[in-house]
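# Structural overview for review
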Amino acid sequence: MDKIKIGLIGSLYWSGVLTLIIFLPWVADKYGRRWVFISAYGMFLIFAALILSMDDLMALYVVIFLTGGTIGGRVIVANNFFMEYFETRIKDIAIFIRFFSQMLLTLIYTAWL
């Protein structure tokens, strides 16, 4: 894979973050933080599994864009959700889960390349 394709993967991920982060906090206020948090993690796991099974480069680009979009629900909404309603032990677990999910995504990208 050449440098341009690798750069496009990173650019699409952050484009997904910046595009969908505008809408997810509004959706969380309207439908509840809990459901946005759960659905964002569910979509992240589905998209991460899809990345491993992609053969088409254009489909991979779309899935990477959508994977970046789940960050608004996984990080922004989840931080507010956990910091307001849970005790310190649960907050520490949430921080570990967030770190683990980012490491998992990095390993999946590396395995695909």
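Residues numbered from 1 in each chain as written. Predicted model: local features only at pLDDT ≥ 70, side-chain atom pairs only at ≥ 80, totals over all residues. Heavy atoms only, no water.

## A short note on the overall build of the chain
The helix and strand tally for the chain stands at six helices and zero strands. Relative to its 113 residues, the chain shows a buried fraction of 32%. Taking as baseline every contact in the chain between residues at least 6 positions apart, the subset at least 24 positions apart corresponds to 79%. Total accessible area on the chain is roughly 7100 Å²; 72% of this is exposed by carbon and sulfur atoms. (Helix = DSSP H or I, 4+ residues; strand = E, 2+ residues; numbered from the N terminus. Buried < 20%, exposed > 50% of the residue type's maximum accessible area, 1.4 Å probe, protein only. Contact = heavy atoms within 4.5 Å. Areas by Shrake-Rupley, 256 points an atom, 1.4 Å probe, with all protein chains shown as cover.)

## Quick look at helix α4 (residues 57-69)
End to end, α4 covers 19 Å across 13 residues, agreeing with the expected 18 Å (1.5 Å per residue, within 8%). Of the positions making up α4, those classed as buried are L60, Y61, V63, I64, T67, G68 and G69. (Expected span 1.5 Å × (residues − 1).)

## Notes on the confidence of the model for the chain
As a note on interpretation, predicted positions should not be read in detail where pLDDT is low. Looking at the chain as a whole, its pLDDT mean stands at 79, while 83% of the residues score no less than 70. Looking across the chain, the model is least confident in helix α5 (residues 71-85), with a mean pLDDT of 69, and most confident in α4, with 88. (pLDDT = per-residue confidence, 0-100.)

## Re the environment of P25
Inspection of the secondary structure puts P25 in helix α2 (residues 24-31). Spatially, the C-alpha atoms of P25 and G73 are 7.6 Å apart, while their sequence positions differ by 48 residues.

## Some points on the packing of α2 against helix α3 (residues 33-53)
At a minimum axis distance of 6 Å, the contact between α2 and α3 shows a crossing angle of 130°. With respect to α3, the element α2 is oriented oblique. Note on element contacts: α3 touches α2 through R33, W35 and V36, opposite L24, V27, A28 and Y31. Across the contact of α2 with α3, the residue classes break down as six nonpolar, no polar and one charged. (Axes fitted to C-alpha atoms, helices over the stretch in contact; angles between N-to-C directions. Parallel < 35°, antiparallel > 145°, perpendicular 65-115°, else oblique. Nonpolar A, V, L, I, M, F, W, Y, C, P; charged D, E, K, R; others polar.)

## Some thoughts on the nonpolar core
Generally speaking, nonpolar side chains in soluble globular proteins are found buried as a group. Grouped together as the largest cluster of nonpolar side chains are 15 residues, with contacts concentrated most on I9, Y13, I51, L60, V63, I64 and L105. Sorting the residues of this core by element identifies α1 (3-20), α3, α4 and α6 (88-112) as the ones contributing at least two each. (Core = buried A, V, L, I, M, F, W, Y, C linked by side-chain atoms within 4.5 Å.)

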